[in-house]
Amino acid sequence: MHTIASIREGLRAKEFTAVEVAREALEFAERENPKTNAYLLLCPERALAAAAEVDRKLAAGEDAGALAGVPIAVKDVILTKGVRTTCASKMLENYIPPYDATAVERIEAAGGVVIGKTNCDEFAMGSSNENSYFGPVRNPVALDRVPGGSSGGSAAVVAQGTAVVSLGSDTGGSIRQPASFCGVVGVTPTYGRVSRYGLVAFASSLDHIGPFARNVRDAATVLGVMAGRDPMDSTSAAAPVPDYAAGLDGNDVRGMKIGLPVEYMKHATGDTADRIHEAVAKLRDIGCEVRDISLPSTDYAIAAYYIICTAEASSNLARYDSVRYGFRSADSTTLSGMYRNTRGEGFGDEVKRRIMLGTYVLSHGYYDAYYLKAQKVRALIARDFTNAFQSVDAVVAPVSPFPAFRIGEKVNDPVSMYLSDIYTITGSLAGIPCMSVPCRTASTNDAAGLPVGLQILCNHFEEQKMFRLAHAFENS
Amino acid sequence: MRLTEKDVRYVAALANLDLTDEEVGRMLHDLDGILGQMEVLAGIDTEGVSPMAQVLFGADDYSTLRADVERTPLDNELALQNAPVSGNGCFKVPRVIER
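Residues numbered from 1 in each chain as written. Chains lettered and ligands numbered in written order. Predicted model: local features only at pLDDT ≥ 70, side-chain atom pairs only at ≥ 80, totals over all residues. Heavy atoms only, no water.

**Here's the deal with the packing of helix 10 (residues 301-316) of chain A against helix 13 (residues 368-388) of chain A**
Residue and element names in this part refer to chain A. Taken N-terminus to C-terminus, the directions of helix 10 and helix 13 make an angle of 125 degrees; their axes are 9 Å apart at the nearest point. Relative to helix 13, the element helix 10 lies oblique. Our pair here, helix 10 against helix 13, has a crossing hand that is left-handed. Listed contacts from helix 13 to Ala301, Ala304, Ile307, Ile308, Ala311 and Glu312 of helix 10 are Tyr370, Tyr371, Ala374, Gln375, Val377, Arg378 and Ile381. (Axes fitted to C-alpha atoms, helices over the stretch in contact; angles between N-to-C directions. Helix = DSSP H or I, 4+ residues; strand = E, 2+ residues; numbered from the N terminus. Parallel < 35°, antiparallel > 145°, perpendicular 65-115°, else oblique. Left-handed = near helix turned anticlockwise from the far one by under 90°. Contact = heavy atoms within 4.5 Å.)

Below is the structure:
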(Lines give C-alpha, C1' and ligand atoms only; values in the text may rest on other atoms or scores of the structure.)
Protein backbone atom coordinates (compact mmCIF):
# COMPACT_ATOMS: atom_id res chain seq x y z
CA MET A 1 0.00 0.00 0.00
CA HIS A 2 1.18 3.48 -0.86
CA THR A 3 2.33 6.15 1.54
CA ILE A 4 2.89 9.81 0.73
CA ALA A 5 6.62 9.08 0.58
CA SER A 6 6.28 6.04 -1.71
CA ILE A 7 4.22 8.08 -4.17
CA ARG A 8 6.69 10.94 -4.08
CA GLU A 9 9.57 8.53 -4.68
CA GLY A 10 7.74 6.66 -7.46
CA LEU A 11 6.85 9.87 -9.26
CA ARG A 12 10.41 11.12 -8.97
CA ALA A 13 11.84 7.85 -10.30
CA LYS A 14 9.17 7.82 -13.06
CA GLU A 15 7.92 4.39 -11.98
CA PHE A 16 4.39 5.68 -12.49
CA THR A 17 2.54 8.91 -13.21
CA ALA A 18 0.06 10.67 -10.94
CA VAL A 19 -2.68 9.86 -13.43
CA GLU A 20 -1.82 6.17 -13.20
CA VAL A 21 -1.90 6.30 -9.39
CA ALA A 22 -5.27 8.08 -9.46
CA ARG A 23 -6.75 5.67 -11.98
CA GLU A 24 -5.61 2.69 -9.94
CA ALA A 25 -7.02 4.18 -6.73
CA LEU A 26 -10.37 4.91 -8.39
CA GLU A 27 -10.64 1.38 -9.79
CA PHE A 28 -9.65 -0.18 -6.48
CA ALA A 29 -12.16 1.99 -4.61
CA GLU A 30 -14.94 1.10 -7.02
CA ARG A 31 -14.18 -2.60 -6.66
CA GLU A 32 -13.90 -2.58 -2.86
CA ASN A 33 -16.77 -0.28 -2.05
CA PRO A 34 -19.64 -2.81 -2.15
CA LYS A 35 -17.99 -4.53 0.83
CA THR A 36 -17.92 -1.50 3.11
CA ASN A 37 -20.15 1.25 1.64
CA ALA A 38 -17.41 3.67 2.71
CA TYR A 39 -17.61 5.95 -0.34
CA LEU A 40 -20.79 7.81 -1.18
CA LEU A 41 -19.33 9.01 -4.45
CA LEU A 42 -16.17 8.84 -6.52
CA CYS A 43 -15.17 11.86 -8.56
CA PRO A 44 -12.93 10.52 -11.37
CA GLU A 45 -13.16 13.68 -13.47
CA ARG A 46 -11.88 15.92 -10.71
CA ALA A 47 -9.29 13.37 -9.59
CA LEU A 48 -7.83 12.80 -13.04
CA ALA A 49 -7.68 16.54 -13.77
CA ALA A 50 -5.79 17.13 -10.50
CA ALA A 51 -3.46 14.21 -11.23
CA ALA A 52 -2.79 15.45 -14.77
CA GLU A 53 -1.85 18.83 -13.34
CA VAL A 54 0.65 17.14 -11.00
CA ASP A 55 2.17 15.25 -13.97
CA ARG A 56 2.38 18.48 -15.96
CA LYS A 57 4.17 20.28 -13.12
CA LEU A 58 6.61 17.40 -12.67
CA ALA A 59 7.33 17.28 -16.39
CA ALA A 60 7.97 21.04 -16.36
CA GLY A 61 10.31 20.67 -13.41
CA GLU A 62 8.00 22.67 -11.11
CA ASP A 63 7.31 21.93 -7.44
CA ALA A 64 4.23 19.69 -7.47
CA GLY A 65 3.59 20.08 -3.73
CA ALA A 66 3.87 18.08 -0.51
CA LEU A 67 0.93 15.83 -1.45
CA ALA A 68 1.73 15.48 -5.15
CA GLY A 69 -0.33 12.69 -6.65
CA VAL A 70 -1.63 11.37 -3.32
CA PRO A 71 -5.18 9.91 -3.54
CA ILE A 72 -7.28 11.51 -0.82
CA ALA A 73 -10.86 10.85 0.28
CA VAL A 74 -12.93 13.60 1.89
CA LYS A 75 -15.71 13.15 4.43
CA ASP A 76 -19.04 14.16 2.97
CA VAL A 77 -19.57 17.01 5.44
CA ILE A 78 -16.72 18.96 3.80
CA LEU A 79 -17.67 20.97 0.74
CA THR A 80 -16.26 20.20 -2.69
CA LYS A 81 -17.16 22.64 -5.42
CA GLY A 82 -19.32 21.03 -8.09
CA VAL A 83 -19.12 17.61 -6.39
CA ARG A 84 -22.24 16.53 -4.49
CA THR A 85 -21.91 16.91 -0.71
CA THR A 86 -24.72 15.29 1.28
CA CYS A 87 -23.71 15.12 4.95
CA ALA A 88 -25.16 11.59 4.58
CA SER A 89 -28.60 13.18 4.90
CA LYS A 90 -31.75 13.09 2.83
CA MET A 91 -31.84 16.84 3.53
CA LEU A 92 -28.82 17.44 1.27
CA GLU A 93 -29.19 14.45 -1.04
CA ASN A 94 -28.78 16.62 -4.13
CA TYR A 95 -26.67 19.48 -2.81
CA ILE A 96 -23.90 20.70 -5.13
CA PRO A 97 -21.61 23.13 -3.28
CA PRO A 98 -20.75 26.37 -5.08
CA TYR A 99 -17.34 26.56 -3.39
CA ASP A 100 -14.57 24.43 -1.89
CA ALA A 101 -13.74 24.14 1.80
CA THR A 102 -10.41 25.81 2.59
CA ALA A 103 -9.00 22.44 3.72
CA VAL A 104 -9.83 20.90 0.33
CA GLU A 105 -8.46 23.92 -1.53
CA ARG A 106 -5.16 23.64 0.36
CA ILE A 107 -4.95 19.86 -0.15
CA GLU A 108 -5.38 20.28 -3.90
CA ALA A 109 -3.03 23.24 -4.05
CA ALA A 110 -0.40 20.93 -2.54
CA GLY A 111 -0.95 18.38 -5.31
CA GLY A 112 -3.44 16.13 -3.45
CA VAL A 113 -5.89 14.21 -5.62
CA VAL A 114 -9.42 14.10 -4.21
CA ILE A 115 -10.88 10.81 -5.43
CA GLY A 116 -14.19 10.67 -3.59
CA LYS A 117 -16.50 11.57 -0.74
CA THR A 118 -16.89 9.29 2.24
CA ASN A 119 -19.92 8.08 4.13
CA CYS A 120 -20.47 9.21 7.72
CA ASP A 121 -23.17 9.59 10.33
CA GLU A 122 -25.82 12.08 9.23
CA PHE A 123 -24.48 15.60 9.88
CA ALA A 124 -21.59 13.90 11.74
CA MET A 125 -23.91 12.88 14.57
CA GLY A 126 -23.12 9.39 15.78
CA SER A 127 -20.43 7.04 17.04
CA SER A 128 -20.96 4.06 14.70
CA ASN A 129 -21.70 5.36 11.20
CA GLU A 130 -25.10 3.66 11.40
CA ASN A 131 -26.97 6.99 11.14
CA SER A 132 -26.26 7.53 7.45
CA TYR A 133 -29.22 8.03 5.13
CA PHE A 134 -27.20 5.99 2.61
CA GLY A 135 -26.76 2.98 4.89
CA PRO A 136 -24.10 1.99 7.43
CA VAL A 137 -20.39 1.59 6.71
CA ARG A 138 -18.83 -1.78 7.48
CA ASN A 139 -15.47 -2.01 9.19
CA PRO A 140 -12.94 -3.39 6.66
CA VAL A 141 -11.15 -5.25 9.46
CA ALA A 142 -14.34 -7.16 10.41
CA LEU A 143 -17.28 -6.64 8.09
CA ASP A 144 -19.96 -7.37 10.71
CA ARG A 145 -18.61 -4.56 12.89
CA VAL A 146 -19.06 -0.80 12.80
CA PRO A 147 -16.10 1.32 11.66
CA GLY A 148 -16.87 3.85 14.39
CA GLY A 149 -18.24 7.30 13.76
CA SER A 150 -18.98 9.74 12.73
CA SER A 151 -16.08 9.73 10.22
CA GLY A 152 -16.45 5.97 9.69
CA GLY A 153 -16.07 6.10 5.92
CA SER A 154 -12.87 8.16 6.08
CA ALA A 155 -11.30 5.69 8.52
CA ALA A 156 -12.47 2.67 6.52
CA VAL A 157 -11.05 3.83 3.17
CA VAL A 158 -7.60 4.38 4.67
CA ALA A 159 -7.75 1.02 6.45
CA GLN A 160 -8.78 -0.82 3.28
CA GLY A 161 -6.16 1.05 1.28
CA THR A 162 -8.44 2.64 -1.30
CA ALA A 163 -7.15 6.05 -0.24
CA VAL A 164 -3.70 6.87 1.09
CA VAL A 165 -5.03 9.52 3.47
CA SER A 166 -8.43 11.07 4.12
CA LEU A 167 -10.08 14.02 5.80
CA GLY A 168 -12.60 13.68 8.59
CA SER A 169 -14.24 15.95 11.09
CA ASP A 170 -14.27 15.58 14.85
CA THR A 171 -16.68 17.18 17.30
CA GLY A 172 -16.50 14.75 20.23
CA GLY A 173 -14.30 11.94 18.94
CA SER A 174 -15.46 11.47 15.35
CA ILE A 175 -11.89 11.10 14.03
CA ARG A 176 -10.12 9.37 16.92
CA GLN A 177 -12.76 6.72 17.62
CA PRO A 178 -13.11 5.45 14.02
CA ALA A 179 -9.30 5.57 13.66
CA SER A 180 -9.08 3.36 16.73
CA PHE A 181 -11.80 0.97 15.46
CA CYS A 182 -10.20 0.61 12.01
CA GLY A 183 -6.55 0.51 13.10
CA VAL A 184 -5.33 3.71 11.46
CA VAL A 185 -3.89 7.02 12.67
CA GLY A 186 -6.46 9.80 13.24
CA VAL A 187 -5.71 13.35 14.34
CA THR A 188 -7.91 16.00 15.92
CA PRO A 189 -5.77 19.14 15.89
CA THR A 190 -6.02 22.08 18.27
CA TYR A 191 -9.33 23.92 17.97
CA GLY A 192 -8.78 26.61 15.33
CA ARG A 193 -5.66 24.97 13.86
CA VAL A 194 -7.47 24.06 10.61
CA SER A 195 -10.00 26.38 9.00
CA ARG A 196 -13.60 25.16 9.09
CA TYR A 197 -14.65 27.29 6.14
CA GLY A 198 -16.68 24.84 4.08
CA LEU A 199 -17.17 22.32 6.88
CA VAL A 200 -20.92 21.92 7.38
CA ALA A 201 -21.46 23.13 10.94
CA PHE A 202 -22.61 20.75 13.66
CA ALA A 203 -21.36 22.29 16.94
CA SER A 204 -19.24 25.32 16.13
CA SER A 205 -17.32 25.57 19.41
CA LEU A 206 -16.23 21.93 19.02
CA ASP A 207 -15.95 21.15 15.30
CA HIS A 208 -12.52 20.31 13.84
CA ILE A 209 -11.19 19.02 10.54
CA GLY A 210 -8.35 16.50 10.75
CA PRO A 211 -6.55 13.76 8.81
CA PHE A 212 -6.58 9.96 8.76
CA ALA A 213 -3.48 8.08 7.57
CA ARG A 214 -1.78 4.71 7.85
CA ASN A 215 1.21 6.21 9.65
CA VAL A 216 2.04 9.20 11.81
CA ARG A 217 4.27 10.85 9.22
CA ASP A 218 1.53 10.95 6.58
CA ALA A 219 -0.97 12.35 9.08
CA ALA A 220 1.56 15.02 10.11
CA THR A 221 2.18 15.95 6.47
CA VAL A 222 -1.53 16.36 5.69
CA LEU A 223 -2.13 18.43 8.82
CA GLY A 224 0.80 20.68 7.91
CA VAL A 225 -0.76 21.35 4.51
CA MET A 226 -4.21 22.21 5.91
CA ALA A 227 -3.23 24.14 9.05
CA GLY A 228 -2.93 27.88 9.43
CA ARG A 229 -4.89 31.09 9.49
CA ASP A 230 -7.71 31.49 6.97
CA PRO A 231 -9.39 34.86 6.56
CA MET A 232 -12.63 33.00 5.77
CA ASP A 233 -12.82 31.47 9.27
CA SER A 234 -12.57 33.97 12.12
CA THR A 235 -11.92 31.14 14.59
CA SER A 236 -8.85 29.90 12.71
CA ALA A 237 -5.66 30.54 14.66
CA ALA A 238 -2.81 32.74 13.50
CA ALA A 239 -0.18 30.68 15.33
CA PRO A 240 2.68 29.68 12.99
CA VAL A 241 2.60 26.17 11.53
CA PRO A 242 5.80 24.19 12.06
CA ASP A 243 6.90 21.53 9.56
CA TYR A 244 5.32 18.67 11.49
CA ALA A 245 6.71 15.88 9.29
CA ALA A 246 10.28 17.21 9.34
CA GLY A 247 10.00 17.57 13.12
CA LEU A 248 9.72 13.79 13.45
CA ASP A 249 13.31 13.20 12.45
CA GLY A 250 16.22 13.25 14.82
CA ASN A 251 14.11 13.94 17.89
CA ASP A 252 13.79 11.25 20.50
CA VAL A 253 11.32 11.26 23.33
CA ARG A 254 13.65 10.31 26.16
CA GLY A 255 12.70 12.13 29.32
CA MET A 256 9.28 13.11 28.04
CA LYS A 257 6.83 13.24 30.95
CA ILE A 258 3.57 11.45 30.33
CA GLY A 259 0.41 11.40 32.44
CA LEU A 260 -1.99 8.48 32.70
CA PRO A 261 -5.35 9.74 34.05
CA VAL A 262 -6.59 7.56 36.90
CA GLU A 263 -10.21 8.53 36.17
CA TYR A 264 -9.93 7.03 32.67
CA MET A 265 -8.21 3.85 33.67
CA LYS A 266 -10.71 3.00 36.39
CA HIS A 267 -13.35 2.40 33.69
CA ALA A 268 -11.07 0.59 31.25
CA THR A 269 -11.44 -3.17 31.15
CA GLY A 270 -10.41 -6.21 29.12
CA ASP A 271 -8.42 -5.82 25.95
CA THR A 272 -8.55 -2.03 26.06
CA ALA A 273 -6.98 -1.85 29.51
CA ASP A 274 -4.40 -4.51 28.60
CA ARG A 275 -3.37 -2.70 25.42
CA ILE A 276 -3.03 0.65 27.19
CA HIS A 277 -0.91 -0.87 29.96
CA GLU A 278 1.26 -2.50 27.29
CA ALA A 279 1.57 0.84 25.51
CA VAL A 280 2.61 2.51 28.75
CA ALA A 281 5.29 -0.14 29.24
CA LYS A 282 6.54 0.51 25.71
CA LEU A 283 6.66 4.25 26.34
CA ARG A 284 8.75 3.58 29.44
CA ASP A 285 11.04 1.38 27.37
CA ILE A 286 11.73 4.21 24.95
CA GLY A 287 12.66 6.49 27.80
CA CYS A 288 9.42 8.28 28.70
CA GLU A 289 8.57 8.90 32.30
CA VAL A 290 4.95 7.84 32.89
CA ARG A 291 3.05 8.82 36.03
CA ASP A 292 -0.54 8.77 37.22
CA ILE A 293 -2.39 12.06 37.02
CA SER A 294 -5.89 13.15 37.96
CA LEU A 295 -8.45 14.86 35.73
CA PRO A 296 -11.14 15.12 38.41
CA SER A 297 -13.97 16.57 36.28
CA THR A 298 -13.94 13.67 33.79
CA ASP A 299 -17.12 12.09 35.14
CA TYR A 300 -19.13 15.15 34.14
CA ALA A 301 -17.83 15.40 30.59
CA ILE A 302 -20.49 13.37 28.79
CA ALA A 303 -23.34 15.35 30.29
CA ALA A 304 -21.63 18.68 29.55
CA TYR A 305 -20.71 17.63 26.02
CA TYR A 306 -24.15 16.40 25.00
CA ILE A 307 -25.76 19.58 26.29
CA ILE A 308 -23.33 21.90 24.53
CA CYS A 309 -23.13 20.04 21.24
CA THR A 310 -26.88 19.55 20.92
CA ALA A 311 -27.57 23.18 21.85
CA GLU A 312 -25.19 24.35 19.14
CA ALA A 313 -26.56 21.78 16.70
CA SER A 314 -30.15 22.88 17.22
CA SER A 315 -29.06 26.39 16.35
CA ASN A 316 -26.81 25.45 13.40
CA LEU A 317 -29.36 23.10 11.84
CA ALA A 318 -32.08 25.74 11.93
CA ARG A 319 -30.74 26.76 8.51
CA TYR A 320 -32.29 23.70 6.85
CA ASP A 321 -35.53 25.42 5.94
CA SER A 322 -35.68 24.22 2.30
CA VAL A 323 -35.62 27.77 0.97
CA ARG A 324 -32.09 28.17 -0.40
CA TYR A 325 -31.01 24.56 -0.72
CA GLY A 326 -31.89 21.07 0.36
CA PHE A 327 -34.88 18.77 0.37
CA ARG A 328 -38.37 20.33 0.37
CA SER A 329 -41.46 18.45 1.52
CA ALA A 330 -43.94 18.19 -1.34
CA ASP A 331 -47.29 19.28 -0.02
CA SER A 332 -47.04 22.36 2.15
CA THR A 333 -49.39 25.27 1.62
CA THR A 334 -47.84 27.66 4.14
CA LEU A 335 -44.26 28.70 4.83
CA SER A 336 -44.19 27.50 8.44
CA GLY A 337 -45.84 24.22 7.42
CA MET A 338 -43.12 23.81 4.81
CA TYR A 339 -40.42 24.24 7.49
CA ARG A 340 -42.00 21.69 9.84
CA ASN A 341 -42.77 19.08 7.20
CA THR A 342 -39.41 19.44 5.47
CA ARG A 343 -37.47 19.05 8.69
CA GLY A 344 -39.70 16.22 9.91
CA GLU A 345 -39.20 14.28 6.68
CA GLY A 346 -35.64 15.35 5.83
CA PHE A 347 -33.77 14.60 9.07
CA GLY A 348 -33.06 11.11 10.43
CA ASP A 349 -33.79 9.93 13.97
CA GLU A 350 -30.50 10.85 15.62
CA VAL A 351 -30.44 14.34 14.12
CA LYS A 352 -34.00 14.94 15.30
CA ARG A 353 -33.11 13.64 18.75
CA ARG A 354 -30.21 16.09 19.01
CA ILE A 355 -32.20 19.04 17.67
CA MET A 356 -34.91 18.27 20.24
CA LEU A 357 -32.44 17.92 23.11
CA GLY A 358 -30.61 21.09 22.10
CA THR A 359 -33.82 23.06 21.74
CA TYR A 360 -34.97 21.82 25.14
CA VAL A 361 -31.78 22.74 27.01
CA LEU A 362 -31.85 26.22 25.48
CA SER A 363 -35.57 26.79 26.09
CA HIS A 364 -36.99 29.24 28.60
CA GLY A 365 -36.60 28.01 32.16
CA TYR A 366 -33.94 25.39 31.43
CA TYR A 367 -31.05 27.46 30.06
CA ASP A 368 -29.33 28.04 33.42
CA ALA A 369 -29.73 24.49 34.71
CA TYR A 370 -28.44 22.86 31.53
CA TYR A 371 -26.61 25.05 29.02
CA LEU A 372 -24.98 27.55 31.36
CA LYS A 373 -24.11 24.82 33.84
CA ALA A 374 -22.56 22.73 31.07
CA GLN A 375 -20.41 25.66 29.95
CA LYS A 376 -19.11 26.08 33.49
CA VAL A 377 -18.33 22.38 33.72
CA ARG A 378 -16.55 22.70 30.39
CA ALA A 379 -14.32 25.35 31.98
CA LEU A 380 -13.51 22.90 34.80
CA ILE A 381 -12.61 20.16 32.32
CA ALA A 382 -10.35 22.56 30.41
CA ARG A 383 -8.78 23.61 33.70
CA ASP A 384 -8.03 19.96 34.55
CA PHE A 385 -5.91 19.76 31.40
CA THR A 386 -4.23 23.11 32.01
CA ASN A 387 -3.21 21.86 35.44
CA ALA A 388 -2.06 18.51 34.11
CA PHE A 389 0.13 20.09 31.41
CA GLN A 390 2.02 22.01 34.10
CA SER A 391 3.63 18.74 35.13
CA VAL A 392 3.43 16.49 32.05
CA ASP A 393 4.20 16.92 28.33
CA ALA A 394 1.44 14.61 27.15
CA VAL A 395 -1.47 12.58 28.42
CA VAL A 396 -2.12 9.05 27.18
CA ALA A 397 -5.44 7.27 27.46
CA PRO A 398 -7.70 4.80 25.72
CA VAL A 399 -9.73 6.12 22.76
CA SER A 400 -12.79 3.98 23.35
CA PRO A 401 -13.84 1.71 26.23
CA PHE A 402 -14.10 -1.23 23.79
CA PRO A 403 -13.02 -2.23 20.27
CA ALA A 404 -15.44 -2.04 17.30
CA PHE A 405 -18.89 -3.35 18.26
CA ARG A 406 -21.30 -5.20 16.00
CA ILE A 407 -23.56 -3.41 13.58
CA GLY A 408 -26.96 -3.05 15.27
CA GLU A 409 -25.60 -3.67 18.77
CA LYS A 410 -26.14 -0.18 20.17
CA VAL A 411 -28.17 1.59 17.52
CA ASN A 412 -31.43 1.62 19.51
CA ASP A 413 -29.87 2.76 22.75
CA PRO A 414 -28.73 6.40 22.46
CA VAL A 415 -27.64 6.61 26.10
CA SER A 416 -25.22 3.70 25.79
CA MET A 417 -23.99 5.08 22.44
CA TYR A 418 -23.29 8.48 24.04
CA LEU A 419 -21.49 6.89 26.99
CA SER A 420 -19.02 5.24 24.61
CA ASP A 421 -17.58 8.70 23.86
CA ILE A 422 -16.24 9.08 27.41
CA TYR A 423 -12.52 9.18 26.54
CA THR A 424 -12.65 11.45 23.52
CA ILE A 425 -14.97 14.28 24.51
CA THR A 426 -12.80 15.70 27.29
CA GLY A 427 -10.08 16.68 24.80
CA SER A 428 -12.72 18.09 22.47
CA LEU A 429 -14.23 20.25 25.21
CA ALA A 430 -10.76 21.57 26.13
CA GLY A 431 -9.90 22.25 22.47
CA ILE A 432 -6.52 20.51 22.74
CA PRO A 433 -4.84 18.40 20.03
CA CYS A 434 -5.43 14.68 20.39
CA MET A 435 -4.87 11.65 18.21
CA SER A 436 -5.34 7.91 18.01
CA VAL A 437 -2.41 5.71 17.08
CA PRO A 438 -2.77 1.91 16.70
CA CYS A 439 -1.67 -0.42 19.51
CA ARG A 440 -1.48 -4.18 19.19
CA THR A 441 -4.88 -5.67 18.29
CA ALA A 442 -7.25 -7.19 20.81
CA SER A 443 -6.65 -10.83 21.64
CA THR A 444 -9.51 -12.16 23.73
CA ASN A 445 -12.53 -14.16 22.59
CA ASP A 446 -14.64 -12.69 19.83
CA ALA A 447 -12.76 -9.37 19.85
CA ALA A 448 -9.53 -11.09 18.73
CA GLY A 449 -7.87 -9.23 15.88
CA LEU A 450 -9.82 -6.01 16.35
CA PRO A 451 -7.72 -2.84 16.45
CA VAL A 452 -7.27 -0.82 19.63
CA GLY A 453 -6.05 2.77 19.61
CA LEU A 454 -3.88 4.66 22.06
CA GLN A 455 -4.96 8.28 22.52
CA ILE A 456 -2.30 10.95 22.94
CA LEU A 457 -3.34 14.42 24.10
CA CYS A 458 -1.09 17.49 24.30
CA ASN A 459 -1.51 21.13 25.19
CA HIS A 460 -2.87 23.71 22.71
CA PHE A 461 -0.75 23.98 19.53
CA GLU A 462 1.65 21.25 20.65
CA GLU A 463 0.89 18.99 17.69
CA GLN A 464 4.62 18.75 17.04
CA LYS A 465 5.25 17.13 20.41
CA MET A 466 2.19 14.87 20.01
CA PHE A 467 3.41 13.63 16.61
CA ARG A 468 6.91 12.99 17.95
CA LEU A 469 5.55 10.82 20.74
CA ALA A 470 3.15 9.00 18.40
CA HIS A 471 5.92 8.41 15.88
CA ALA A 472 8.25 7.03 18.56
CA PHE A 473 5.46 4.77 19.84
CA GLU A 474 4.64 3.60 16.32
CA ASN A 475 8.26 2.61 15.72
CA SER A 476 8.85 1.00 19.11
CA MET B 1 -40.44 10.94 34.11
CA ARG B 2 -38.90 14.37 33.76
CA LEU B 3 -40.80 15.14 30.58
CA THR B 4 -44.36 14.84 29.35
CA GLU B 5 -45.70 14.31 25.87
CA LYS B 6 -46.86 17.91 25.97
CA ASP B 7 -43.27 19.06 26.59
CA VAL B 8 -42.05 17.04 23.61
CA ARG B 9 -44.68 18.56 21.32
CA TYR B 10 -43.87 22.06 22.61
CA VAL B 11 -40.13 21.63 21.97
CA ALA B 12 -40.80 20.13 18.53
CA ALA B 13 -42.85 23.21 17.66
CA LEU B 14 -39.98 25.47 18.82
CA ALA B 15 -37.61 23.49 16.60
CA ASN B 16 -39.98 23.54 13.60
CA LEU B 17 -39.98 19.74 13.54
CA ASP B 18 -43.05 17.82 12.52
CA LEU B 19 -43.03 14.58 14.53
CA THR B 20 -45.44 11.68 14.08
CA ASP B 21 -47.27 10.35 17.17
CA GLU B 22 -44.98 7.35 17.14
CA GLU B 23 -41.93 9.62 17.05
CA VAL B 24 -43.27 11.69 19.96
CA GLY B 25 -43.50 8.53 22.06
CA ARG B 26 -39.98 7.43 21.18
CA MET B 27 -38.58 10.92 21.68
CA LEU B 28 -40.20 11.11 25.12
CA HIS B 29 -38.51 7.87 26.13
CA ASP B 30 -35.09 8.75 24.64
CA LEU B 31 -34.93 12.35 25.87
CA ASP B 32 -36.01 11.31 29.32
CA GLY B 33 -33.21 8.75 29.47
CA ILE B 34 -30.64 11.24 28.22
CA LEU B 35 -31.79 13.99 30.60
CA GLY B 36 -31.45 11.45 33.41
CA GLN B 37 -27.74 11.23 32.56
CA MET B 38 -27.50 15.03 32.62
CA GLU B 39 -28.61 15.22 36.25
CA VAL B 40 -25.07 14.45 37.35
CA LEU B 41 -24.25 18.11 36.60
CA ALA B 42 -26.45 19.41 39.43
CA GLY B 43 -24.04 17.83 41.92
CA ILE B 44 -20.90 19.65 40.80
CA ASP B 45 -19.84 22.88 42.44
CA THR B 46 -19.36 25.60 39.80
CA GLU B 47 -19.52 28.57 42.17
CA GLY B 48 -17.36 31.36 40.77
CA VAL B 49 -16.53 29.48 37.54
CA SER B 50 -16.96 31.52 34.33
CA PRO B 51 -18.86 29.71 31.57
CA MET B 52 -16.65 28.61 28.66
CA ALA B 53 -18.46 29.30 25.42
CA GLN B 54 -15.46 29.00 23.13
CA VAL B 55 -11.86 27.84 23.13
CA LEU B 56 -9.87 31.05 23.21
CA PHE B 57 -6.19 31.69 22.83
CA GLY B 58 -4.08 34.72 23.46
CA ALA B 59 -4.34 36.87 20.32
CA ASP B 60 -4.56 40.55 19.55
CA ASP B 61 -7.94 42.29 19.37
CA TYR B 62 -8.08 42.37 15.60
CA SER B 63 -6.79 38.90 14.87
CA THR B 64 -10.25 37.63 13.99
CA LEU B 65 -10.83 40.30 11.37
CA ARG B 66 -9.92 39.92 7.73
CA ALA B 67 -8.69 42.69 5.48
CA ASP B 68 -11.49 44.98 4.30
CA VAL B 69 -11.22 44.33 0.61
CA GLU B 70 -13.98 44.10 -1.95
CA ARG B 71 -14.78 40.60 -3.13
CA THR B 72 -17.07 39.25 -5.79
CA PRO B 73 -20.16 37.76 -4.17
CA LEU B 74 -21.70 34.45 -5.22
CA ASP B 75 -23.41 35.13 -8.52
CA ASN B 76 -27.17 34.88 -8.69
CA GLU B 77 -27.33 31.79 -10.86
CA LEU B 78 -24.91 29.87 -8.66
CA ALA B 79 -26.73 30.97 -5.49
CA LEU B 80 -30.01 29.67 -6.89
CA GLN B 81 -28.64 26.44 -8.30
CA ASN B 82 -29.53 24.39 -5.20
CA ALA B 83 -32.89 26.06 -4.50
CA PRO B 84 -35.81 23.60 -4.44
CA VAL B 85 -37.94 26.22 -6.26
CA SER B 86 -36.74 29.47 -7.78
CA GLY B 87 -37.89 31.98 -10.35
CA ASN B 88 -37.01 35.46 -11.61
CA GLY B 89 -33.68 35.32 -9.79
CA CYS B 90 -35.39 34.70 -6.43
CA PHE B 91 -36.06 31.83 -4.03
CA LYS B 92 -39.73 30.84 -4.15
CA VAL B 93 -41.69 29.75 -1.06
CA PRO B 94 -45.36 29.14 -0.23
CA ARG B 95 -47.49 32.07 0.94
CA VAL B 96 -46.29 33.57 4.18
CA ILE B 97 -49.41 35.22 5.63
CA GLU B 98 -50.95 32.05 7.07
CA ARG B 99 -49.36 29.83 9.70
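**Regarding the pairing of strand 5 (residues 185-188) of chain A**
Residues and elements named next belong to chain A. Of the two faces of strand 5, both are covered, the one formed by Val185 and Val187 as well as the one formed by Gly186 and Thr188. Of the strand pairs in this sheet, strand 5 and strand 6 (residues 208-213) are connected by 2 bridges, and their pairing is antiparallel. Bridge pairing in strand 6 places Val185 opposite Ala213. (Buried < 20%, exposed > 50% of the residue type's maximum accessible area, 1.4 Å probe, protein only. Pairing = 2+ DSSP bridges.)

**Observations regarding the interface of chain B and chain A**
In many analyses, interface size is given as the accessible surface area lost on bringing the parts together. Counting residues at the interface gives 55 residues for chain B, matched by 67 residues for chain A. Inspection of the chain B/chain A interface yields 3 salt bridges. Here chain B is connected to chain A by 15 residue pairs in polar contact (both at pLDDT 80 or more). Looking at which element gives the most residues to the side of chain B that touches chain A, the answer is helix 2 (residues 21-38) of chain B, with 10 residues. (Salt bridge = Lys/Arg side-chain N within 4 Å of Asp/Glu carboxyl O. Polar contact = N/O pair within 3.5 Å; in protein donor to acceptor, adjacent residues only side chain to side chain.)

**Here's the deal with the packing of aromatic side chains**
Residue and element names in this part refer to chain A. Considering all chains together, one arrives at 18 aromatic pairs over all chains under this definition. Ring geometry for Phe181 versus Phe405: centroids 5.8 Å apart, planes at 90 degrees, classification edge-to-face. Note that Phe181 is positioned in helix 6 (residues 176-182) and Phe405 in the loop between strand 9 (394-398) and helix 14 (414-419), a separation of 224 residues in sequence. An identical accessibility class is assigned to Phe181 and Phe405; each is buried. The ring centre of Phe327 lies 4.7 Å from the NZ or CZ of Lys90, which sits over that ring. Looking at Lys410, its charged tip hangs above the ring of Phe405, at a distance of 5.3 Å from the centre. (Phe/Tyr/Trp six-rings, centres within 6.5 Å; stacked < 30°, edge-to-face > 60°. Lys NZ or Arg CZ within 6 Å of the ring centre and 35° of its normal.)

**Here we look at the sheet that holds strand 10 (residues 434-438) of chain A**
Residues and elements named next belong to chain A. Spatially, 1-3-2-4-6-5-10-11-9-7-8 is the arrangement adopted by the 11 strands of the open sheet, whose pairing is mixed. The sheet terminates laterally at strand 1 (39-42) and strand 8 (289-293), the two strands that pair on one side only. Taking each pair of neighbouring strands and ignoring which way they run, the sheet shows an average axis angle of 25 degrees. By the bridge criterion, 3 bridges tie strand 2 (residues 71-75) to strand 4 (residues 165-170) in an arrangement that is parallel. Bridge pairing links Ile72 to Val165 in strand 4.

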